[in-house]
Amino acid sequence: MAVRDDVVAWVGSDAVGRERFPDADVADLDGGFVAPAFVDSHIHLTATGLTLSGLDLRTASSRQHCLALIGDYAAAHPDQPVWGHGWDETTWPDNTAPTTAELDAVLGDRPGYLARVDAHSALASTGLRRRIPELAADPQRPLTGDAHHRVRAAARDLLTAAQRAEARTAALDAAAAHGIVAVHECAGPDIGGLDDWRELRGLDHGVEVIGYWGEAVTSAAQARELLEHTGAHGLAGDLFVDGALGSHTAWLHEPYIDAPHRTGTCYLDTDTITAHLWACTEAGITAGFHVIGDAAVAAAVTAFARVVEHFGVAAVARCGHRLEHAEMVTDQQAAQLGAWGVIASMQPNFDALWGGDSGMYARRLGAVRSSKLNPFSLLASHGVPLAFGSDAPVTGLDPWATVRAAASHRTPGSAVSPRAAFAAATRGGWRAGGVHDGVAGTLVPGAPASYAVWDTGELTVSAPRDAVQRWSTDPRAQVPPLPRLGPTDPLPRCRQTVHRGAVLYG
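Residues numbered from 1 in each chain as written. Predicted model: local features only at pLDDT ≥ 70, side-chain atom pairs only at ≥ 80, totals over all residues. Heavy atoms only, no water.

Participant: Is there a simple way to think about the overall build of the protein chain in this case?
Facilitator: Within the protein chain one finds 20 helices and 18 strands. Computed over its C-alpha atoms, the radius of gyration of the protein chain comes to 23 Å, within 12% of the 23 Å expected for a compact globule of 506 residues. For the protein chain, the spread of C-alpha atoms along the three principal axes comes to 75 × 55 × 45 Å. Each of the 506 residues in the protein chain was classed as buried or not, and the buried ones make up 55%. Surface accessibility of the protein chain: about 20,600 Å² in total, with carbon and sulfur atoms responsible for 51%. Side-chain charges in the protein chain split into 39 positive and 57 negative, and the spacing between the mean points of these groups amounts to 2 Å. (Helix = DSSP H or I, 4+ residues; strand = E, 2+ residues; numbered from the N terminus. Rg over C-alpha atoms; globule rule 2.2 N^0.38 Å. Buried < 20%, exposed > 50% of the residue type's maximum accessible area, 1.4 Å probe, protein only. Areas by Shrake-Rupley, 256 points an atom, 1.4 Å probe, with all protein chains shown as cover. Lys, Arg positive; Asp, Glu negative; His and termini not counted. Charge placed at Lys NZ, Arg CZ, Asp CG, Glu CD.)

The following block contains the structure:
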């Protein structure tokens, strides 16, 4: 491959390349695997960075272990509020989250905010709770819904500008080190707030940030004004219709198996979803929603149907509207979304973490409902464009883990091929971000020189040494295949990341 400035200038066999470009600077990669760089289609950079550089509770193996990690961190950072992420009581022996009293016993009067792994509920110390007057929530249990959003905002306000800046840089550095050259930041008033988003927009790093602002509007004029005010790419991302299954806040038609009195949380009803989608379609702006539960998906699909009936399929499709997560989709809904050109931005690692016969999904929903979650193959079969991401800090950044999870779905028949998964994590991310040049996310002449070099084991299929090295997701292309991604195979290690000709890592 020959690169001139920021573009792939030529792709072909080694001998021809050396003859054609005799004066080129040559980098012999000594068996390294070169492929288009990844795009993470759903991320929260500041929260990811705070987890990377701060208190990561994903390793907590019990309630007592979690409290010990919190106490150790607090002791090591005596002058800071305690912000952490990642505890998951469903992996603990007693399946019980710490109480506020237990947290206070560790933190005393210090403000402490500890988000659950799905970021839709959190522990909050009394020192933080008392900063919110008239907080309507159980004083001892984790916070959910609007109470959680209010406490999160209060905790966010305690972070210094330096802490936020350090976190963002750490997250972007980590992305580059994983072969990621672009991310879709899902910002909003209930996530990081406007100040955080503006600070992120002002950061010059190298990893490209495509930002979405999750705030509902009711008119085209309001949509245009909000887009100009925020500078976002679209009014989409985590515009919450519901919450998450792990926190019992995903909006369901039928109650949770392990919480028969609960059907989750509805943040936006069908009329509100319709109004936002209508306004954005009229303005030609990308709209989108966070939907996980089946009731949330149904509300969004109903809203799309109303807007399609008024504006027509072409007007809706050209906006690049998207649904984040879309975990509980029926065959009929998949067919509708495919016909309307709605993009599904999904996180395969959710299934890797929580799927299967005995995983969190099965405990929350039972075997029948849980077996239908994250139906990648169903959506793909109906022509729904797929874009894969991490939802970091909810899951890890490694995009090869994402590809492996999509190709190794815990439910038979729900997986996609490794090549299709790779395409969703590369080309799919560019297309979901509004790039329709036909070459982004590939390595062909004229494409942006955005690629990564990997150290890897054997490839899945042998390729002739003199084969043309034009990487493709089409297996008929007779080109180097993907690395082995079996459950025991080590994932490729990134050696170098390049975006538009500039080295970001390595």
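Participant: What am I meant to see in the domain arrangement of the protein chain here?
Facilitator: Buried accessible area, meaning the area lost when the parts come together, often serves as the stated size of an interface. By the assigned domains, the protein chain splits into domain 1 (45-157) and domain 2 (179-433). Taking the mean C-alpha position of each, domain 1 and domain 2 sit 26 Å from one another. Counting from both sides, the interface comprises 22 residues of domain 1 and, opposite them, 29 residues of domain 2. Buried area between domain 1 and domain 2, both sides added, is near 2,000 Å², and the carbon and sulfur share of it is 52%. Looking at the side of domain 1 facing domain 2, the largest losses of area belong to Leu45, His120 and His149, adding up to 31% of the total buried there. The salt bridge involving Glu89 is made with Arg364; its shortest N-O contact spans 3.3 Å. Where domain 1 touches domain 2, the interface holds 12 residue pairs in polar contact (both at pLDDT 80 or more). Sorting the residues of the side of domain 1 that touches domain 2 by element identifies α2 (45-53) and α6 (145-157) as the ones contributing at least two each. (Domains from an automatic or database assignment. Contact = heavy atoms within 4.5 Å. Buried area = accessible area lost by both parts, 1.4 Å probe. Salt bridge = Lys/Arg side-chain N within 4 Å of Asp/Glu carboxyl O. Polar contact = N/O pair within 3.5 Å; in protein donor to acceptor, adjacent residues only side chain to side chain.)

Participant: Help me understand the pattern of salt bridges in this model?
Facilitator: Pairing between side chains of opposite charge can happen when their charged atoms approach one another. Summed over the entire model, instances satisfying the criterion amount to 18 salt bridges. Across the pair Arg116 and Asp88 runs a salt bridge, and its minimum N-O distance is 3.0 Å. Of this pair, Arg116 sits in strand β7 (residues 112-116) while Asp88 is found in the loop between β6 (82-87) and α4 (100-107), placing the two residues 28 residues apart along the sequence. Note on accessibility: Arg116 and Asp88 belong to one class, buried.

Participant: I tried to follow empty space enclosed by the protein on my own but got confused; where do I start?
Facilitator: Unoccupied space between atoms shows up once a probe the size of one water molecule is rolled over them. Here the structure, examined in full by the defined rule, presents 4 cavities of 30 Å³ or more. Empty space within the largest cavity amounts to approximately 330 Å³. Considering the residues around the largest cavity, the lining is formed by 33 residues, among which Asp118, Ala119, His120, Asp391 and Val394 are closest to the centre. Composition of the lining of the largest cavity by domain shows at least three residues from each of domain 1 (45-157) and domain 2 (179-433). (1 Å grid on protein atoms, 1.4 Å probe; cavity = no way out; pocket = protein on both sides within 12 Å on 5 of 7 lines; lining within 4 Å. Points joined across faces, edges and corners; volume = space filled by probe spheres on them.)

Participant: What is the right way to look at α2 in this model?
Facilitator: Since the α-helix turns once every 3.6 residues, residues separated by three or four places project in the same direction. With 7 of 9 residues buried, α2 lies mostly within the body of the structure. The complete set of buried residues in α2 reads Leu45, Thr46, Ala47, Thr48, Gly49, Leu50 and Thr51.

Participant: Looking at this structure, how should I read the state of the cysteines?
Facilitator: Covalently bonding the sulfur atom of one cysteine to the sulfur atom of another cysteine gives a disulfide. Going through the model one piece at a time under the given rule, you end up with 0 disulfides. Summary of cysteine pairing: Cys266 is not part of a disulfide, and the nearest cysteine sulfur, belonging to Cys280, is at 18 Å. Judged by its relative accessible area of 37%, Cys266 falls in the partly exposed class. (Disulfide = S-S within 2.5 Å.)

Participant: Could you clarify how one ought to interpret unusual backbone geometry in this entry?
Facilitator: Glycine aside, residues mostly have negative phi angles, and peptide bonds mostly take the trans form. Residue Pro393 is reached from Ala392 by a cis peptide bond, and omega for that bond is 15 degrees. You can see Pro393 is positioned in the loop between β15 (386-388) and α18 (399-407). Positive phi, close to 65 degrees, is recorded for Ala119, a residue that is not glycine. Relative to the helices and strands, Ala119 resides in the loop between β7 and β8 (121-124). The backbone of Ala326 shows a phi angle near 45 degrees, a positive value even though the residue is not glycine. Tracing the chain through its elements places Ala326 in the loop between β13 (322-325) and α13 (331-340). With a relative accessible area of 3%, Ala326 lands in the buried category.

Participant: Hey, could you run me through the sheet that holds strand β5 (residues 55-56) in this one?
Facilitator: As a general point, the strands of a sheet are linked pairwise by backbone hydrogen bonds and lie either parallel or antiparallel. Taken together, 5 strands build an open sheet; the order of strands is β5-β6-β7-β8-β9 and the sheet is mixed. This sheet does not close on itself; its edge strands, each paired only once, are β5 and β9 (143-144). Where β6 meets β7, 5 bridges bridge the pair, whose relative direction is parallel. By the bridge assignment, Trp83 is partnered in β7 with Tyr113. (Pairing = 2+ DSSP bridges.)

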